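Now for the letters of each chain:
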Amino acid sequence: MYTLPKIERFHQNVLSKYQIYNSVFITLPFDAIDNTGVLLPLFSEVCENGFKNQQSPEEIFNLFASKYLDHPSEDRKIELMFRFIQYVERQIVLFDAIEDAAFPIVNNMEGRGSLRDMKEKADQRSKGIELKEFLENFKVRTVLTAHPTQFYPGSVLGIITDLTEAVRVNDLIQIKKLLAQLGKTPFIKKEKPTPFDEAISLIWYLENVFYEAAGGMIQYLQKNIFDGQEIHNSILNLGFWPGGDRDGNPFVTTEITLKVAERLRTSILKCYYNDIRKLKRKLTFKEVDTIIAEIEGKLYRSVFYSRGEIYLTFDELQSSLLKIKKIIKEEHQSLYMDEIDLLLNKLNLFGFHFATLDIRQNSKIHKQVFQDIVSKEQKLFPDNYHQLNEIEKIKVLSNVKGALTEADFENEITQSTISSIHAMKTIQEHNGELGCNRYIISNNESALNVMETLAMFHLCGWVNPAVDVVPLFESVDDLQSADEIMEKLYTNPTYKKHLESRENIQTVMLGFSDGTKDGGYLMANWSIYKAKEMLTTVSRKYGVKVLFFDGRGGPPARGGGKTHKFYASLGSNIENQQIQVTVQGQTISSNFGTLDSCRYNLENLLSAGATNQLFSKGEIVLSDSENKVLNELSQLSYEKYKLFKQHPKFIPYLERMSTLNYYAKTNIGSRPSKRNKTEQLDFNDLRAIPFVGSWSQLKQNVPGFFGVGTALKHFEETNQWEQVEHLYQNSLFFKTLLENSMMALTKSFFPLTAYMRKDAEFGEFWQIIYDEYLESKRLLLKLSGFKELMENYPDGKASIAIREQIVLPLLTIQQYALLKINQLKSQKNPNEKQIAVYEKIVTRSLFGNINASRNSA
């Protein structure tokens, strides 16, 4: 029997099941949601027809009220809106659970991009030895961040997990119970989570998903590629930002950092303890049973009675397991050898740290800290230090040493910065070096920023810090000067010595989110590509192996989308020994939330590295003419985006017509929505998540396409279209870039805000966005030869269509509320009480829209 095409598998296992179980859901009796199940489908139909007939959200809701409600008051309408919001939120959870349950059926788990496919390709091309060498050197690092792009509380996550399992086995009785439970479970967090709360939420994924998925992958590689021999490379690494990311988050303290590191250690020891208990039931042989019992006891005390103490070291645990393995091999016919190897592989991957806790701080904060240090520790610095130029300051910093502690200072920022450095040392003593060995400098603009950071370690008495100093380049200007900055560092004797102690490996982070906010979609992605090329060249010149760490978000506008394709598209001009990428918010739950999706996406990333190095190396370097075309496209796009950003209505439009000001009220993350506390909105202080998310809520997705249409149109009008076609057909990088832009366009829905074109103040500005959308869509369809956007991903397109259909009532309500707020505020004596109610509607509607998109921010 033939396997059905992917889109048919999606229809059978996702769409059909959703329709069946949703019909069950809308008939369930809820205390506070009595006839909502009857009214919501009617409202949804009115919304669809209304937008087709070019009606505004206000006209649509009023039409629905007059047709299906009996002379409703405004209070009655508001009450119904809140009930619709509650209902739609739960429909999204149901759809998530169904899609998660169907993941291994809809997706080919053994197909292209899988470990099996990688092995078979190597076998077919007689590259088995090369594949082994690749796996002994290559690494994938997924770094979980605390950035707030999802809001589900723990109770709802538990229901999703149980519901997914019930859907998988078609247990209708259990599904009905869980749907009823879902209807009665609150979705709202009354208080903002602390950074420690965020850490606990993400550690759940480490314990329940990554631990098993990553361990199983290494086991497969060991058995099928390494013929049972030990792999001397921890191929899969995990990074962790909650509790360590201080950039713009005053709630991350040193106490929190230490607490999170301890929780990570306890969590991995608990995982080992659970595995040891399972092994103990199998390893009941003479001599082995006593060793395993001793391990179990020590792990138990370390997890449940430790108070920070560890009764078993990493080396002890490893040597005990190796001893057991030796006895079983020699005396017990290798019985249960696979289980022992699996645990040894997990130990090799996760150590006693589980995930590496990264510390991150903004270079502007470091500047303030140094001003304080220089003024207090005058004997360590020349009197005229602040008057020196960059080269002179670097010379001074290259030789400073000290023994500073937080007690030496009164300034809170200085205290917390110094204590964070001492905390890194403490964490390494308890969790091993991998527990916390990277310090990331966001908004890095110069070599001085890096030397200030290294000097702080020396000033704190850490002479040879076992720490990688990682500059993060974000703006277009910083990306373009990144290679010059690194060359200054590579030629500095002190920094060179530090690099030698780190095996001449330099990690550089590149920020897609702020890059797109600063330079627009094409320019940001192309600037990062070019920066990687130039950084590779300068690093190779000085014998340094550069590793690139990509700060990607969920949507294409923040470096998301088909991420693995980007890595497969990098040529030999870009160093590619590791794939390091941030994973955040919805992307954690949608791409790594279940064992199947986690395995699938980790395998795709690893396979992308293999494709680049083994199966395509040397074939995908851009030619000079292709470089020229991409340069010109990016520049044209950048000019268009820059003019758009400079439009006098740009900031007012976001403030008054979008949900930008409501992100801070959602209580989905510990971090403030902008870096400074000033009342007036400054574009530079605005965080990428609320910026990109606000466009997503408007269904305009500007950061994912704006400027693309203008750039392509220039080549069409100047008879150079063939050059763009050639680039699209021959460059996987360019093709992936545009395919991801198509995803942003697919998720746009301009009829929702079409009423704005009549707005006296913002009509012209809305039209600028819409015209660029139309042009981008027209030319991307022309270039791809598609009749519809995302034609080559029919299942992805179908998933987006259903999600957009589910949230259409929510979007309509949100726009209705925003319209009402603007109307009330324009009155002579605004009704503040009513404004507050509508503002609450906007905030509540954010949640469902965020979760439905799965990668909206």
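These numbers come from a predicted model, not from an experiment.

## Focus on the packing of aromatic side chains
Following the criterion strictly, the structure yields 49 aromatic pairs and no others. Ring geometry for tryptophan 204 against tyrosine 205: centres 5.2 Å apart, planes inclined by 85 degrees, an arrangement best described as edge-to-face. On the accessibility criterion, tryptophan 204 (34% relative accessible area) is partly exposed. Geometry around tyrosine 311 places arginine 301 over its ring, the cationic atom sitting 5.0 Å from the centre. Seen from the ring of tyrosine 385, lysine 393 lies directly overhead, with NZ or CZ sitting 5.5 Å from the centre.

## Description of unusual backbone geometry
Here serine 334, not a glycine, exhibits a phi torsion of approximately 55 degrees, which is positive. Positionally, serine 334 belongs in the loop between helix 12 (314-331) and helix 13 (337-350). Taking the relative accessible area as the measure of exposure, serine 334 reaches 31% and is therefore partly exposed.

## With respect to the pattern of salt bridges
By the definition in use, this model includes 49 salt bridges. Where aspartate 117 meets lysine 121, a salt bridge forms, and the shortest distance between an N and an O atom there is 3.7 Å. Residue aspartate 117 and its partner lysine 121 are located together in helix 5 (residues 115-124), separated by four residues, close to a single helical turn. Residue class for aspartate 117 comes out buried when judged on its relative accessible area of 15%. Between lysine 825 and glutamate 839 there is a salt bridge, with the nearest N and O atoms lying 3.9 Å from each other. Pair noted here: lysine 825 is in helix 33 (residues 794-825) and glutamate 839 is in helix 34 (residues 832-853), with a separation of 14 residues, a long-range link.

## Topic: the state of the cysteines
For the coordinates displayed, the defined rule picks out zero disulfides. Summary of cysteine pairing: cysteine 460 is not part of a disulfide, and the nearest cysteine sulfur, belonging to cysteine 436, is at 14 Å. Left unpaired, cysteine 598 is separated from the closest cysteine sulfur, that of cysteine 271, by 13 Å. Classification of cysteine 598 by relative accessible area gives buried; the value is 0%.

## Examining the confidence of the model for the chain
Confidence along the chain averages 90 in pLDDT terms, with 93% of residues attaining 70 or more. In the model, residues 554-560 has pLDDT below 50 throughout and makes 40 contacts with residues more than four positions away in sequence or in other chains.

## Quick word on the packing of helix 26 (residues 624-646) against helix 30 (residues 721-730)
Their axes nearest at 10 Å, the elements helix 26 and helix 30 cross at an angle of 110 degrees. Overall, the two elements helix 26 and helix 30 adopt an arrangement that is roughly perpendicular. Every residue of helix 30 that contacts helix 26 at Glu626, Val629, Leu630 and Leu633 is listed here: Gln723, His726, Leu727 and Asn730. Considering only residue class, the contact of helix 26 with helix 30 consists of four nonpolar, three polar and one charged.

## Quick word on the sheet that holds strand 6 (residues 468-473)
Spatially, 3-2-1-9-8-7-6-5-4 is the arrangement adopted by the nine strands of the open sheet, whose pairing is parallel. At either end of the open sheet lies a strand with only one pairing partner, and these are strand 3 (356-357) and strand 4 (359-362). Pairing of strand 1 (residues 139-145) with strand 9 (residues 578-584), which is carried by seven bridges, proceeds in the parallel orientation. Across the sheet, residue lysine 139 finds its bridge partner in strand 9, namely glutamine 578. Docked against the sheet, helix 14 (residues 363-376) engages strand 4 and strand 5 (438-442), running at close to 75 degrees with respect to strand 4.

## Structural notes on helix 22 (residues 521-541)
Helix length check: helix 22 (21 residues) gives 31 Å between terminal C-alpha atoms against 30 Å at 1.5 Å per residue, within 8%. Across the 21 residues that make up helix 22, a large majority, 16, are buried.

## Describing the nonpolar core
Nonpolar side chains tend to gather and get buried jointly when the protein is soluble and globular. In this structure, Phe240, Tyr272, Leu606 and Trp695 are the most contacted members of the largest nonpolar core, which totals 188 residues. Among the elements that take part in this core, helix 9 (residues 195-224) stands out by supplying 14 residues, more than any other.

## Quick word on a nonpolar patch on the surface
A cluster of nonpolar side chains, contributed by Tyr300, Phe304 and Tyr305, occupies part of the molecular surface with about 340 Å² of accessible area. With respect to the helices, strands and loops of the structure, phenylalanine 304 is situated in helix 11 (residues 288-304). According to the relative accessible area criterion, phenylalanine 304 is partly exposed, its value standing at 44%.

## Observations regarding the environment of valine 476
Topologically, valine 476 is positioned in helix 18 (residues 476-480). Expressed as a C-alpha distance, the spacing of valine 476 and isoleucine 528, which sit 52 residues apart in the sequence, is 8.4 Å.

## Some remarks on the side chain of aspartate 341
Relative to the helices and strands, aspartate 341 resides in helix 13. Taking relative accessible area as the criterion, aspartate 341 reaches 9% and is therefore assigned buried. In this structure, aspartate 341 is in contact with Gln219, Gln222 and Lys325, ignoring residues within four places of it in sequence.

## Some points on the pairing of strand 5
The buried fraction of strand 5 amounts to five of the five residues, a majority that puts the element mostly inside the structure. Burial of strand 5 is two-sided: the residues Arg438, Ile440 and Ser442 facing one way and the residues Tyr439 and Ile441 facing the other way are all buried. Where strand 4 and strand 5 come together, four bridges link them in parallel fashion. Residue glutamine 361 lies in a different strand from strand 5, and its bridge partner there is isoleucine 441. In this structure, strand 5 lies alongside strand 6, joined through four bridges in parallel fashion. In the strand pairing of strand 6, arginine 438 is matched with aspartate 468. Of the crossover connections in this fold, the one passing from strand 5 over helix 17 (residues 447-459) to the parallel strand 6 is right-handed.

## Quick word on the pairing of strand 7 (residues 505-511)
Summarising burial for strand 7: six of the seven residues are buried, a large majority. Direction of pairing for strand 6 relative to strand 7: parallel, over a ladder of two bridges. Along strand 7, the bridge assignment pairs leucine 472 with methionine 509. Across seven bridges, strand 7 lies against strand 8 (residues 545-551) in parallel orientation. Counted as the bridge partner of threonine 507 is leucine 547 from strand 8.

## Remarks on the environment of arginine 656
Looking at the secondary structure, you find arginine 656 in helix 27 (residues 650-657). Looking at arginine 656, the relative accessible area reads 39%, which means it is partly exposed. The contact partners of arginine 656, leaving out residues within four places of it in the chain, are Glu761, Phe762 and Asn822. A polar contact is formed between the side chain of arginine 656 and the side chain of glutamate 761, at a distance of 2.6 Å.

## Structural notes on the packing of helix 27 against helix 28 (residues 688-697)
One can describe the packing of helix 27 onto helix 28 by two numbers: an axis separation of 11 Å at closest approach and a directional angle of 70 degrees. By the angle between their axes, helix 27 is roughly perpendicular relative to helix 28. The way helix 27 lies across helix 28 gives a crossing that is left-handed. Residues Phe650, Tyr653 and Leu654 of helix 27 lie in contact with helix 28, whose contacting residues are Phe691, Ser694 and Trp695. Of the residues that constitute the contact of helix 27 with helix 28, the class distribution is five nonpolar, one polar and no charged.

## A few points about helix 5
Side chains of residues three or four places apart in an α-helix project in the same direction, reflecting 3.6 residues per turn. Looking only at helix 5, the buried set comprises Leu115, Asp117, Met118 and Ala122. Seen along its axis, helix 5 keeps its buried residues to an arc of 165 degrees; they face one direction. Phi turns positive, to about 55 degrees, at serine 126, one or two residues after helix 5.

Cut-offs applied
Residues numbered from 1 in each chain as written. Predicted model: local features only at pLDDT ≥ 70, side-chain atom pairs only at ≥ 80, totals over all residues. Heavy atoms only, no water. Phe/Tyr/Trp six-rings, centres within 6.5 Å; stacked < 30°, edge-to-face > 60°. Buried < 20%, exposed > 50% of the residue type's maximum accessible area, 1.4 Å probe, protein only. Lys NZ or Arg CZ within 6 Å of the ring centre and 35° of its normal. Helix = DSSP H or I, 4+ residues; strand = E, 2+ residues; numbered from the N terminus. Salt bridge = Lys/Arg side-chain N within 4 Å of Asp/Glu carboxyl O. Disulfide = S-S within 2.5 Å. pLDDT = per-residue confidence, 0-100. Contact = heavy atoms within 4.5 Å. Axes fitted to C-alpha atoms, helices over the stretch in contact; angles between N-to-C directions. Parallel < 35°, antiparallel > 145°, perpendicular 65-115°, else oblique. Nonpolar A, V, L, I, M, F, W, Y, C, P; charged D, E, K, R; others polar. Pairing = 2+ DSSP bridges. Expected span 1.5 Å × (residues − 1). Core = buried A, V, L, I, M, F, W, Y, C linked by side-chain atoms within 4.5 Å. Patch = residues over 30% accessible without salt bridge, like charges linked within 9 Å, V, L, I, M, F, W, Y side chains within 5 Å. Areas by Shrake-Rupley, 256 points an atom, 1.4 Å probe, with all protein chains shown as cover. Right-handed = clockwise from strand over helix to strand, strands pointing away. Polar contact = N/O pair within 3.5 Å; in protein donor to acceptor, adjacent residues only side chain to side chain. Left-handed = near helix turned anticlockwise from the far one by under 90°. Arc of directions from axis to C-beta.

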